[in-house]
Amino acid sequence: MKEVSQGEGRTVLLVSHNMAMIKSLCTIGMLIDKSHIVYLGSTKEAIHHYSQTIFERTKDYKMGTIPADLPRMGTQECKFTYLQLINEKNIEVEYIHFKENIRVKFMITAQQNIPKALIHIKILSEEGIEIVLADNATEMEDILPGTSEYLINIPVHLSPGEYYFAPAIYWSGNAGVD
């Protein structure tokens, strides 16, 4: 991409939610929200404004029950309905301590049988950079109709900071269902 944009008189417009790519490739950042330019300036500040916008929109979505009206992607045959950090004493918590194991309890509600479901739990940095991906790729299982509870251990220790979870469910041919 840098090769394309380098040279006299060239401008490349990159549209992305990938903050790491934007940070490495762009010299000017523009944040567009609901068809309006809300920021134009340095890439670093654009990423900061983007992160703040995401934070403001999701600050009321604490750990625990995932609101039914939360915007989702996929076909919606099944949905994450609950996501919660669990500490080493099996107590639900809002945060974990440095070097503490990451354990996530989540619930999925399915409208129909989802055969050989692939469940992803991504942890993203404040800038939207993927830090780790945990999934059940080696032990894919059917998700049955109704609500099922799962517990996943994510074998990583994070540096102090704020992080976001990005859960996803895939099945047959990578069709996303949530």
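Computed from a predicted model, the values in this text were never measured in an experiment. (Residues numbered from 1 in each chain as written. Predicted model: local features only at pLDDT ≥ 70, side-chain atom pairs only at ≥ 80, totals over all residues. Heavy atoms only, no water.)

Caption draft 1: Summary view of the pattern of salt bridges. For the structure on display, the rule yields two salt bridges. In this structure, Lys105 and Glu92 form a salt bridge, with 2.8 Å as the shortest nitrogen-oxygen distance. Note that Lys105 is positioned in strand β6 (residues 102–110) and Glu92 in strand β5 (residues 92–93), a separation of 13 residues in sequence. Residue classification places Glu92 among the partly exposed residues on the basis of a relative accessible area of 37%. The residue Glu130 makes a salt bridge to Lys122 at a minimum N-O spacing of 3.5 Å. Judged by relative accessible area, which is 29%, Lys122 ranks as partly exposed. (Salt bridge = Lys/Arg side-chain N within 4 Å of Asp/Glu carboxyl O. Helix = DSSP H or I, 4+ residues; strand = E, 2+ residues; numbered from the N terminus. Buried < 20%, exposed > 50% of the residue type's maximum accessible area, 1.4 Å probe, protein only.)

Caption draft 2: A look at the environment of Gln52. For Gln52, the location among the structural elements is in helix α3 (residues 43–58). Along the chain, Gln52 and Glu126 lie 74 residues apart, while their C-alpha atoms are 9.2 Å from each other.

Caption draft 3: A look at the nonpolar core. If you look at the biggest cluster of nonpolar residues, it comprises 25 residues, and the most contacted ones within it are Phe80, Val104, Phe106, Ile108, Ile143 and Ile154. Those elements that provide at least two residues to this core are β4 (78–86), β6, β7 (114–125), β8 (130–135), β10 (146–154) and β11 (163–171). When neighbours within four sequence positions are excluded, Ile143 is seen to be in contact with Cys78, Ile108, Ala110, Gln112, Asn113, Ile114, Ala117, Ile119, Tyr150 and Ile169. In this structure, Leu31, Tyr39, Ile47 and Tyr50 belong to the second largest nonpolar core, which totals seven residues. (Core = buried A, V, L, I, M, F, W, Y, C linked by side-chain atoms within 4.5 Å. Contact = heavy atoms within 4.5 Å.)

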